[in-house]
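Each chain, written out:
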Amino acid sequence: MKDLTRLIKEDMKPALGVTEPGAIAYAVASARGHIQGEVRKVRVALNSGMYKNAYTCGIPNSSNFGLLYAAALGAVAADAAKGLEALADIRPEDDAEAARMVENGLVETVLDHIGSRIMIDATVESQQEKCTVHIRDSHTHIVSIEKNGEEIYAEEESFRPMNDEESEEAVIHQYSLHKILEYIREAPKEEISFIREAFSMNMELLEEGLESERAVITKSLLKENAGEVISTDVLKTAQLLCNGAIEARVLGLARPAMSITGSGAHGIIATMPLLAQYKAAGEGMEEEALLRAAALSYLITMYIKEYSGRLSAFCGCAIAAGTGMACGLAFMKGADEEGIGRVIRNMASGMTGMICDGGNHGCTMKGIVAVDAAFRAVDMALAGVSIGSIHGINGRTPEDTMRHMGRIASPGMVETEKTIVEIMEKK
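Before going into details, it helps to say that this report is about the structure given with it.

Rules behind the numbers
- Counting of residues starts from 1 at the beginning of each chain's written sequence and follows it residue by residue.
- Residue-level local features of this predicted model are given only where pLDDT is at least 70; pairs of side-chain atoms are given and counted only at 80 or more, and the full residue set underlies all totals for whole chains, interfaces and linings.
- The basis for every side-chain value is the complete set of heavy atoms in the structure, and neither hydrogens nor water enter the calculation.
- A pair of strands counts as paired when DSSP detects no fewer than two bridges linking them.
- What counts as a helix is a DSSP run of H or I of at least four residues, what counts as a strand is a run of E of at least two, and both are numbered from the N terminus.
- Working convention: axes come from line fits to C-alpha atoms, limited for helices to the stretch in contact. Angles between N-to-C directions cover 0 to 180 degrees.
- Note on definitions: a residue-residue contact is assigned when non-hydrogen atoms from the two residues lie within 4.5 Å.
- Any angle from 65 to 115 degrees is called roughly perpendicular, while one under 35 is roughly parallel, one over 145 is roughly antiparallel, and all others are oblique.
- By the definition used in this description, the sense in which the near helix is turned from the far one sets the handedness, with an anticlockwise turn below a right angle giving left-handed and a clockwise turn giving right-handed.
- Throughout, the ten residues Ala, Val, Leu, Ile, Met, Phe, Trp, Tyr, Cys and Pro are labelled nonpolar, Asp, Glu, Lys and Arg are labelled charged, and all others, Gly among them, are labelled polar.
- Using a 1.4 Å probe on the protein chains alone, a residue whose accessible area is under 20% of its type maximum counts as buried, one over 50% counts as exposed, and one in between counts as partly exposed.
- Two N or O atoms form a polar contact when they lie within 3.5 Å of each other; inside protein one atom must be a possible hydrogen donor and the other a possible acceptor, and for residues adjacent in sequence the pair counts only when both atoms belong to side chains.

Structural notes on the sheet that holds strand 6 (residues 142-147)
Part 1 of the reasoning: One open sheet accounts for 6 strands, arranged 3-2-4-5-6-7; its pairing is mixed. Looking along the sheet, the strands with just one partner apiece sit at the ends: strand 3 (107-113) and strand 7 (150-154). Put simply, the sheet's adjacent strands are angled 15° from each other on average, direction ignored.
Part 2 of the reasoning: Pairing analysis gives 6 bridges linking strand 2 (residues 39-47) to strand 3, with the strands arranged parallel. Bridge pairing links Arg-43 to Glu-108 in strand 3.
Part 3 of the reasoning: Across the sheet, helix 4 (residues 67-76) is in contact with strand 2 and strand 3; its angle to strand 3 comes to roughly 120°.

Section: the packing of helix 4 against helix 5 (residues 92-103)
Part 1 of the reasoning: The interhelical angle for the contact between helix 4 and helix 5, taken along N-to-C directions, is 120°, at an axis separation of 8 Å. Overall, the two elements helix 4 and helix 5 adopt an arrangement that is oblique. Regarding helix 4 and helix 5, the two cross each other, and that crossing is right-handed. Residue-level inspection shows Leu-68, Tyr-69, Ala-72, Leu-73, Ala-75 and Val-76 of helix 4 in contact with helix 5, the latter providing Asp-94, Asp-95, Glu-97, Ala-98, Ala-99, Met-101 and Val-102.
Part 2 of the reasoning: Grouping the constituent residues of the contact of helix 4 with helix 5 by class yields 10 nonpolar, no polar and 3 charged.

Considering the side chain of Ser-212
Part 1 of the reasoning: Its place among the elements puts Ser-212 in the loop between helix 8 (196-211) and helix 9 (216-224).
Part 2 of the reasoning: Taking the relative accessible area as the measure of exposure, Ser-212 reaches 10% and is therefore buried.
Part 3 of the reasoning: In this structure the side chain of Ser-212 is engaged in a polar contact, spanning 3.1 Å, whose partner is the backbone nitrogen of Arg-214.
Part 4 of the reasoning: Sequence-distant contacts of Ser-212, defined by excluding residues within four places in its chain, comprise Lys-219 and Leu-253.

Read these as geometric descriptors, not functional statements.
This is the structure we're talking about:
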């Protein structure tokens with residue numbers, strides 16, 4: 001069972017701003033670190049999920065948005081040693097220099113192919129030298145580096161065909177819902193205590209949003225919650241904690257989120273409504289219940305995402321993380337295995353199909369829908385009400401249902417992904 005603890009621990013990572021601009025800046029900065037001289041050209045090729053997610057997103061410490069500026073900042077001042085927080089130390093003069101690079105046509109970003117499997121090929125050229133960094137499968141996973149036409153680093157079996165159908169079975173899929181719940185109930189508290197950091201990090205991000213004039217949805221949610229961050233209304237508190245943090249993230253405010261499955265918004269949705277439920281319970285609930293619920297939320301999120309792909313045409317924040325969070329919420333409310341199965345069917349029937357049109361301000365609205373849906377799905381499931389397994393994409397087992405949810409995205413929505421990108425490019 002410790003494999004599940006390891007999966008969570010390895011997947012939880014701080015991410016500053018939307019993950020994709022950080023990954024692009026990291027890739028470019030990594031290539032920049034291998035060459036000498038003034039940068040003359042930056043070219044970044046991406047799969048459609050990376051391209052779409054970074055297309056108009058906010059960038060930490062920058063007044064600009066989107067792909068080109070993330071790549072330019074990678075060449076100007078990003079710190080590759082900081083991984084997904086590579087943009088943490090950007091200064092106004094760096095932002096201005098990056099803008100000049102973009103205006104002078106020195107930065108190019110291109111869509112390489114339609115696909116959910118992460119791909120970044122970042123090339124940086126000076127007058128004397130050229131270096132390309134190749135990233136695959138996760139946002140900071142460098143599989144090879146070429147300098148001046150020669151390979152200077154290569155990971156074993158790096159360039160497998162970009163075919164999601166050929167991927168080996170994910171470790172999480174070796175576990176049934178029953179086994180996952182056994183782990184959730186039996187894992188020693190100290191073994192999962194590291195999850196506590198996700199709540200503190202995401203709360204700090206929310207506080208950044210509460211202080212920012214740019215976070216307009218956060219202000220609206222705060223007003224709905226009677227001007228209180230934590231109120232007696234659990235749903236309104238959950239909306240504020242969750243979607244205030246998401247808004248701060250997509251606007252590029254200068255605090256990291258604790259990501260899961262490579263996404264800060266996934267990590268926020270998977271945790272913050274659970275914190276609202278815990279706070280609402282007051283002294284009636286131990287912190288241990290919160291930690292176990294968050295672990296369940298993470299694992300269900302990972303279960304669905306390993307089928308859909310890390311970046312796809314459906315909104316994994318609402319669908320995968322929303323379903324994970326709903327399961328965690330049900331666990332906190334005393335649901336048994338059958339009850340959690342009902343939650344999964346309710347979420348699959350209601351949420352599957354929501355599109356992802358990139359990491360942008362709209363993610364906040366998707367998060368609002370997901371939180372509403374999760375609370376409703378849980379309340380109905382606890383009352384014994386759910387959509388039956390014979391209907392729609394629901395499966396005979398919870399595992400089948402989650403697999404079907406993922407398949408809707410990949411391969412199911414490949415053409416949808418293409419259409420979304422075309423719409424964005426033509427605006």
